[in-house]
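Close look at the chain arrangement
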Amino acid sequence: METTSLDRPGPARPTRAGLSQLLNLLRPSFTRHRLRLAVGLTALLVVDFLQLIIPRIIKHGVDGLAALTISRDDLLRLAVLVIAIALAVAGLRFVWRYLIIGFSRLLEESLRNRIFSHLLKMDAPFFERHTPGDLMAHSSNDLAAVQMACGMGVVAAADALVMSVATIIFMLHIHVELTLLALLPMPFLAWFTRILAGRLHHRFTTVQEQFSLLTEFSRSAVISIRLIKAYTMERFQTAQLDRLGRQYVKSNIAVAVIQGLISPIATLAGNLGMLIILFVGGRLVITGVLTMGDFVAFISYLAMLVWPMMAIGWVANIVQRGLTSLNRIHHLLISQSALPDIADSGEPPLVRPSFSLRNLTFRYAPDLPPALDAIDLEIGPGIHGITGRTGSGKSTLCRLLARLYPVPDGRVLFGDRDVNTLAPAFVRSHIAYVGQEPILFSDTVAANIALGRPEATEEEIVEAARSAAIDDEIRDLPDGYATLVGERGVKLSGGQRQRLALARALLCNRPVLVIDDGLSAVDVATEHEVFAGLRQRFAGRTVLIVSNRIKMLSLTDRIVVLDEGRIVCAGGHDELLAASTLYRSMYDKQMRPQADEKGAAG
Amino acid sequence: MKDFGYDEDGRAGSLSDIRIWGRILRYSTRHWPALTGAVLLSFFVTGGTLALPALLQRGIDGYITATDLDGAARLAGLGTTSLWYGLLVILVFATTFVQTIVLEWIGQSIMHRIRQDLFAHVLRLDLQFFNDHPTGRLVTRLTNDIQNMYEMFTSVMVTLFNEMVRLLGILVLLFLMNVELALLMTIFVPLSALITILFARLARACFRAIRHQLVRLNSFLQEAISGMSILQLFGREGKSRREFEDLSHGYLQRTLSLIRLFGTFMPMTEFMSSLATALILWYGGGEIIRSRLTLGELVAFISYMRLFFQPLRELSQKYSIVQSAMASAERIFQLLDTGSRIAEPDQPIARPAAIRGELRFDKVRFSYDQHQPVLHDLSLTLRPGQAVALVGTTGSGKTTLVNLLLRFYEPQAGAITIDGMNIARLALADLRTIVGVVLQDVLILQDSLLANIVMNSGRSRQEVEEILARTGMARFVGRLPRGLDTLIGEGGHELSSGEKQLLAFARVLCRAPAILVLDEATAAIDTESENILEEAIADSFRGRTSLVIAHRLSTIRRADHIIAMRHGRIVEQGSHDELMAAGGYYADLVAMDRHNGNGE
């Protein structure tokens, strides 16, 4: 038997893709903005060069003063030169910052849009493999790391490289041995910075995670305040927060230990170099090998080297982190939807579409038992009820029809054609779908209803709401149809959300309506009223209703009873009462109290 | 950092509010030895940092350029100076490190204290308060606002203090060396203060715009990811993509304007530093020519100048942090000052050893908003051991009755008594252990099932097992993979809604309440859980006063007495049979239910 399965790799670390593959992700942006980058880097280099000039001017002045060969006019001229150079430096710094850091933001934007476009094409299994939290992390943390590496990383790398090479050359030019000696602490500084920055990042992540825990704990305490008070758990909760808080304090101190080392170590390295210059350089001046001006310039150059050395360690980290993030983004972008990648050919929609399932077996994962097992079913015009216990495959069936999961070839036909030969969007465009968990977006009520038909008129929206028996309640909301719902808007009850989702589906006016237990939180009277409307409206079209309410099922044309992925029985309500023990027991369970009732009430 | 989108368009706090500083200081007092130590260390670090260039100057002027001394003496002097220099370098390094850690520890401890105080305080507030304040805002107080204050603690204490001391120290040294040159340098202080304030103001607005846009972008993304199947089913891909790209582009524009702002202001300090160097070179050079300054002093001046601008830059960076921290501190203290409207009694009645369980509502009147009455002079008596079911449509006042019984709210008139004791005279903790309530929603701790049942009731494992066995709920535990040791909550085994109801019930039974209040879940639960629950309810009714907001016919039928409520009044009461025979409101409710749910 043919079965389909979805590979479900564990949350294991993605393997590292080749460097060239990763850089391919960045290449378009680098190519497109090459002029911007070239100008920015040039500005950066000119700044570095100009900065090196300033100590030379000071040296010139100090030497002149030591030899008493310099006039006050000469000094003024030197001072003006320093100011002019400083002005140029400030201007050029603006230029490189805007061009290079701006470039990294442009790159970030294009990568972000690319990730989102990709997500829009992914199938349901993909969203089960990746939690929303993970995907959000890709577009926030990972993008930030890449942006950092391509912005400040590029700047710091270019800057540090040029600055240190040029500074060292200048120093070597003055005195070779003294340079080598003064530079002795610098490689250690770079090495330490690299190690510490890596640790810092790691520990900082822990702090952030614990901060999230604190936030989550506080949030759940606030929303559960009735429970906490009812069970007199105030102290208990405070003690729990105390535990979390203490851990948080501990991790923060762990971060502080590193942070408390990084910057003093730079000072230490600089000061040690200074010490060497003082001792060795001083001797050289005393023995007449070095001029006083050379000595002062040396000190200035050394001060200039501290930052590039730290930067080298820092850049190594940033680049490493950026590459790791880029690797994750790469893995995200190469993941493929298991659904056929067929573009919508634009052919006109079918008027009376029907689905045929031919011996369809489906598993969510190879090691799981089949969610649907050898299903043969025709779903044409008419009202079809589907019922069965939790986990019997009702929702799976709906999701497969809506092309959210891949199916094996030849098992699901849509209007006599294998769905795998059709664009998923084409099949979906025939289905108005109401899911179990109604999903509303942060927008107005009207926009939520018009999700599938943004061009719908107000009358159409109201009409759909009325058919879903939600119109009155919408009008009672503070701003009626313009009321914001979703995370930051008005809270709606489960039943109201479900009816909004139904209105959304009805507005689309598509030939197939699928209600996957989408009215479970609606009271039975309203459900009944809505259903009566649907019967009329969808006469001659296809309606598929998943429900566990016998009352509801008895109004459908045909009921399919599923159990452990198999069709155990199908037929009309009365037929099933006679033929299916499962259906009969559901009926008994739901009708029993009332049967008792009759007995008691006489 | 994950900020959960809570972000207040806060105003900047006033830096001069003495009372706030006073309260912050009060929190700091318990750490005074460590604080004193840190301040002393700070003076040491500053002194050390400033002594280094002085030593350098001494090396240059005293030995390197001192041509009047002989070579050997110059070399020996240089050696000693270098040794001191090296020692000082290492000492400065060590003290800086120790001071950072000490201050971090103090800041963290104080924040922890404030958080604990605030949390305990918030939990004591009345429910009306929680209705009036959005969850997000309260969470922000407990997390982000405290974080803001912490940033200030470390910034204020570590940086501001250190840098102020250093700045002053440098100025003093400069004045000692050369008054005129030093005066010339002081013009940079107001200049950089001006630039700082301007920059802080602009950057604040810019950062806020960026954060705001990022929250929008991330919420959109989050919604799109969790609602992806809906977007695909309704063919929204194109429109979503365009909306996302618009948001993304808005974010880009805002970050670019921040870059422009930084690009303008960041090079300014460096520019001022160069400007100062040029001034020293020109003016100081002139002074040397006029022999009023030594070469060593000039070199030292240039070195100090570099040190001088570092604190200025730091101070400007911390300015905005302190501003927002003050705003946060103000909000936190305001919350701490908010009192609960439900007061503990001044002299609570001692909890009697045995509670008979007579519960009486005497002419209780209540409204949530002072306008719309929810209960109208409602009177009701439950005899000890009686099981009473409350029925009625949504909004009839059933839940309010429970809220008042637990003293979540205070009635505007009338009294509620247990065995003749007014509940307002009982300690809240006593009241809430006498009355055990099963609410519809369940708070699940990320822990084992056992810990979730026991919570703070102090029951042993054996006792829990006995209770579960007696009430038939052992079956529910048996269904879970590892029984009582099954981990539940986030990341653990997920309970079905029926199982959650059972957990809530088991919790209350472990507390052996004299009076049981049950708010039955409206939503359907799976058949097996329902069977277990029915049995447990039947068992717990025995010999215990019970008040049930009932939705299941089976529960109603088990009650001794049924009370039908409508619009905050009791319209009918009696046994099921009596009420059915009377053919009034209750009979209508049953008929409606039959028609809706179970009709044929």
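This is a predicted model, so every value here is computed, not measured. (Residues numbered from 1 in each chain as written. Chains lettered and ligands numbered in written order. Predicted model: local features only at pLDDT ≥ 70, side-chain atom pairs only at ≥ 80, totals over all residues. Heavy atoms only, no water.)

Let us look at the overall build of chain B. The number of helices and strands found in chain B is 20 helices and 10 strands. Taken over C-alpha atoms, the radius of gyration comes to 36 Å for chain B, far larger than the 25 Å a tight globule of 600 residues would show. Seen through its principal axes, chain B has C-alpha atoms that stretch 125 × 65 × 50 Å. Within the span of chain B, comprising 600 residues, buried residues form 56% of the whole. For chain B, the proportion of contacts with a sequence separation of at least 24, taken over those separated by at least 6, is 78%. Of the roughly 25600 Å² of accessible surface on chain B, 56% is carried by carbon and sulfur atoms. A gap of 3 Å separates the mean positions of the 59 positive and 60 negative side-chain charges of chain B. (Helix = DSSP H or I, 4+ residues; strand = E, 2+ residues; numbered from the N terminus. Rg over C-alpha atoms; globule rule 2.2 N^0.38 Å. Buried < 20%, exposed > 50% of the residue type's maximum accessible area, 1.4 Å probe, protein only. Contact = heavy atoms within 4.5 Å. Areas by Shrake-Rupley, 256 points an atom, 1.4 Å probe, with all protein chains shown as cover. Lys, Arg positive; Asp, Glu negative; His and termini not counted. Charge placed at Lys NZ, Arg CZ, Asp CG, Glu CD.)

When its secondary structure is counted, chain A shows 20 helices and 10 strands. Compactness check: chain A gives a C-alpha radius of gyration of 36 Å against a globular reference of 25 Å for 602 residues, more than 25% above the reference. Relative to all contacts within chain A whose residues are 6 or more apart in sequence, the contacts with residues 24 or more apart total 78%. Summing over all exposed atoms, chain A offers an accessible surface of approximately 25600 Å²; the carbon and sulfur share of this is 58%. Positive and negative side-chain charges in chain A, numbering 61 and 55 respectively, have mean positions lying 7 Å apart.

This part is about the environment of Ile146 of chain B. Residue and element names in this part refer to chain B. Within the element layout of this structure, Ile146 appears in helix H5 (residues 135-177). Since its relative accessible area comes to 1%, Ile146 is described here as buried. Considered as a pair, Ile146 and Ser328 are 182 residues apart in the sequence and their alpha carbons are 7.1 Å apart. For Ile146, the contacting residues outside a window of four places in its chain are Met111, Ile114, Arg115, Leu118, Arg141 and Ile332.

Bringing the packing of helix H10 (residues 292-334) of chain A against helix H2 (residues 32-64) of chain B into the picture now. Direction vectors running N to C along H10 of chain A and H2 of chain B enclose 165 degrees, while the axes themselves pass 13 Å from each other. Between H10 of chain A and H2 of chain B, the angle is such that the two are roughly antiparallel. As for how H10 of chain A packs across H2 of chain B, the hand of that crossing is right-handed. Where H10 of chain A approaches H2 of chain B, its residues Met292, Phe295 and Ile299 of chain A are matched on the opposing element by Leu56, Ile60 and Ile64 of chain B. (Axes fitted to C-alpha atoms, helices over the stretch in contact; angles between N-to-C directions. Parallel < 35°, antiparallel > 145°, perpendicular 65-115°, else oblique. Left-handed = near helix turned anticlockwise from the far one by under 90°.)

Take the packing of helix H6 (residues 179-186) of chain B against helix H7 (residues 188-226) of chain B next. Packed helices, taken two at a time, are described by the angle their axes make and the gap between the axes. Residues and elements named next belong to chain B. Look at H6 against H7: their axes get within 5 Å of each other, and the N-to-C directions meet at 10 degrees. As the angle between them shows, H6 and H7 are arranged roughly parallel. When H6 is examined against H7, the residues Leu184, Met185 and Thr186 are found in contact with a partner set consisting of Phe188, Val189 and Pro190. Here the residues of the contact of H6 with H7 sort into five nonpolar, one polar and no charged. (Nonpolar A, V, L, I, M, F, W, Y, C, P; charged D, E, K, R; others polar.)

As a further point, take a nonpolar patch on the surface. Residues Phe188, Trp191, Phe192 and Ile195 of chain A make up a contiguous nonpolar surface patch of roughly 420 Å² in combined accessible area. Summarising the element assignment, Ile195 of chain A is placed in helix H7 (residues 185-223). (Patch = residues over 30% accessible without salt bridge, like charges linked within 9 Å, V, L, I, M, F, W, Y side chains within 5 Å. Salt bridge = Lys/Arg side-chain N within 4 Å of Asp/Glu carboxyl O.)

All names here are of chain B. Reading across from one edge, E6-E7-E8-E3-E9-E10 is the order of the six strands in this open sheet, with mixed pairing throughout. A strand with exactly one partner marks an edge of an open sheet, and here the two such strands are strand E6 (435-438) and strand E10 (569-574). Neighbour-to-neighbour, the strand axes of this sheet turn through a mean angle of 20 degrees, independent of strand direction. In the packing of helix H11 (residues 398-405) onto the sheet, contacts are made with strand E3 (387-391), E6, strand E7 (515-519), strand E8 (545-549) and strand E9 (561-566), and the angle to E8 comes to roughly 140 degrees. Here helix H16 (residues 497-510) sits on the sheet and contacts E6 and E7; the angle it forms with E6, its principal contact strand, is near 175 degrees. (Pairing = 2+ DSSP bridges.)

To summarise the sheet geometry, strands pair through backbone hydrogen bonds and adopt either a parallel or an antiparallel arrangement. All names here are of chain A. Within the open sheet, the six strands sit side by side as E6-E7-E8-E3-E9-E10. Their pairing is mixed. Either end of the sheet is taken by a strand with one partner, and the two such strands are strand E6 (431-434) and strand E10 (566-571). Across this sheet, the average inter-strand angle for adjacent strands is 15 degrees, counted without regard to direction. Where helix H16 (residues 494-508) meets the sheet, it contacts E6 and strand E7 (512-516), and its direction lies at approximately 180 degrees from that of E6.

In this section: the pattern of salt bridges. All names here are of chain B. By the definition in use, this model includes 38 salt bridges over all chains. Close ionic contact of Glu243 with Arg236 constitutes a salt bridge, the shortest N to O distance being 3.6 Å. Here the residues in one salt-bridge network are Glu180, Glu287, Arg290 and Arg292, joined through shared partners.

Moving on, we come to helix H5 (residues 132-174) of chain A. Between its first and last C-alpha, H5 of chain A extends 60 Å over 43 residues, near the 63 Å set by a 1.5 Å rise per residue. In H5 of chain A, a bend of some 40 degrees at Gly153 of chain A exceeds every other bend along the element. (Expected span 1.5 Å × (residues − 1). Bend = angle between axes of the 7 residues up to and from the residue.)

So, about the domain arrangement of chain A. One frequent convention defines the size of an interface as the accessible area lost when the parts assemble. Considered domain by domain, chain A is made up of domain 1 (18-175 + 315-338), domain 2 (187-289), domain 3 (354-430 + 515-572) and domain 4 (438-509). Computed from C-alpha coordinates alone, the two centres of domain 1 of chain A and domain 4 of chain A are separated by 48 Å. (Domains from an automatic or database assignment.)

Glancing now at the interface of chain A and chain B. Each partner contributes to the interface: chain A provides 132 residues, whereas chain B provides 137 residues. Both sides together, the interface formed by chain A and chain B hides about 12800 Å², and carbon and sulfur atoms give 71% of it. Across the salt bridge formed by Arg432 of chain B and Glu234 of chain A, the nearest N and O atoms sit 3.9 Å from each other. Connecting chain A to chain B are 19 residue pairs in polar contact (both at pLDDT 80 or more). Among the elements that take part in the side of chain A that touches chain B, helix H9 (residues 234-286) of chain A stands out by supplying 30 residues, more than any other. Of the residues assigned to the side of chain A that touches chain B, the class counts are 80 nonpolar, 27 polar and 25 charged. (Buried area = accessible area lost by both parts, 1.4 Å probe. Polar contact = N/O pair within 3.5 Å; in protein donor to acceptor, adjacent residues only side chain to side chain.)

In the numbering used here, UniProt assigns the "domain: ABC transmembrane type-1" (unreviewed entry) feature to residues 38-321 of chain A. Summarising residues 38-321 of chain A: 93% helix, 0% strand, and an end-to-end C-alpha distance of 25 Å. (UniProt positions renumbered as here; feature names shortened; annotations may be inferred.)

Glancing now at the domain arrangement of chain B. Here chain B is described as being made up of domain 1 (12-177 + 321-340), domain 2 (179-292) and domain 3 (359-598). On a C-alpha basis, the centres of domain 2 of chain B and domain 3 of chain B stand 57 Å from each other.

Residue and element names in this part refer to chain B. Among the structural elements, Ala66 can be located in the loop between H2 and helix H3 (71-124). Residue class for Ala66 comes out buried when judged on its relative accessible area of 8%. Contact partners of Ala66, with chain neighbours within four places excluded, come to Ile60, Asp61 and Arg74.

Here the phi dihedral of Glu564 of chain A falls at roughly 50 degrees; this positive angle occurs in a residue that is not glycine. Tracing the backbone shows Glu564 of chain A in the loop between strand E9 (558-563) and E10. Not every positive phi belongs to a glycine, and Asp377 of chain B is a case in point at roughly 35 degrees.

Every regular strand shows the same layout, with side chains that alternate between the two sheet faces. Residues and elements named next belong to chain B. Here strand E1 (residues 359-367) runs beside strand E2 (residues 373-382); their pairing, made up of six bridges, is antiparallel. Counterpart to Ser367 in the pairing with E2 is Pro373. In this antiparallel pair of consecutive strands, E1 and E2, the connection spans five residues, and Gln370 shows a positive phi of 70 degrees. Relative to strand E4 (residues 413-418), E1 runs antiparallel, the two being bridged by five bridges. Among the inter-strand pairings, Phe361 is bridged to a residue of E4, identified as Ile416.

Counted under the stated rule, the structure contains 24 aromatic pairs over all chains. Note on Phe126 of chain A and Phe127 of chain A: the rings are 5.1 Å apart at their centroids and 85 degrees apart in plane angle, and the pair reads as edge-to-face. Here the aromatic rings of Phe220 of chain B and Phe244 of chain B are separated by 6.2 Å at their centres, their planes lie at 35 degrees, and the arrangement is tilted. Here Phe220 of chain B is found in helix H7, whereas its partner Phe244 of chain B is found in helix H9 (residues 237-289), with 24 residues between them in sequence. Put simply, the rings of Phe199, Phe207, Phe262 and Phe265 of chain B pair up and form one aromatic cluster. (Phe/Tyr/Trp six-rings, centres within 6.5 Å; stacked < 30°, edge-to-face > 60°.)

Time to look at the state of the cysteines. Cysteine pairs can be covalently joined through their sulfur atoms, and such a bond is termed a disulfide. Residues and elements named next belong to chain A. By the definition in use, this model includes zero disulfides over all chains. No disulfide involves Cys508; its sulfur sits 17 Å from the nearest other cysteine sulfur, which is in Cys398. Not engaged in a disulfide, the cysteine Cys569 finds its nearest cysteine sulfur in Cys398; these two sulfurs lie 19 Å apart. (Disulfide = S-S within 2.5 Å.)

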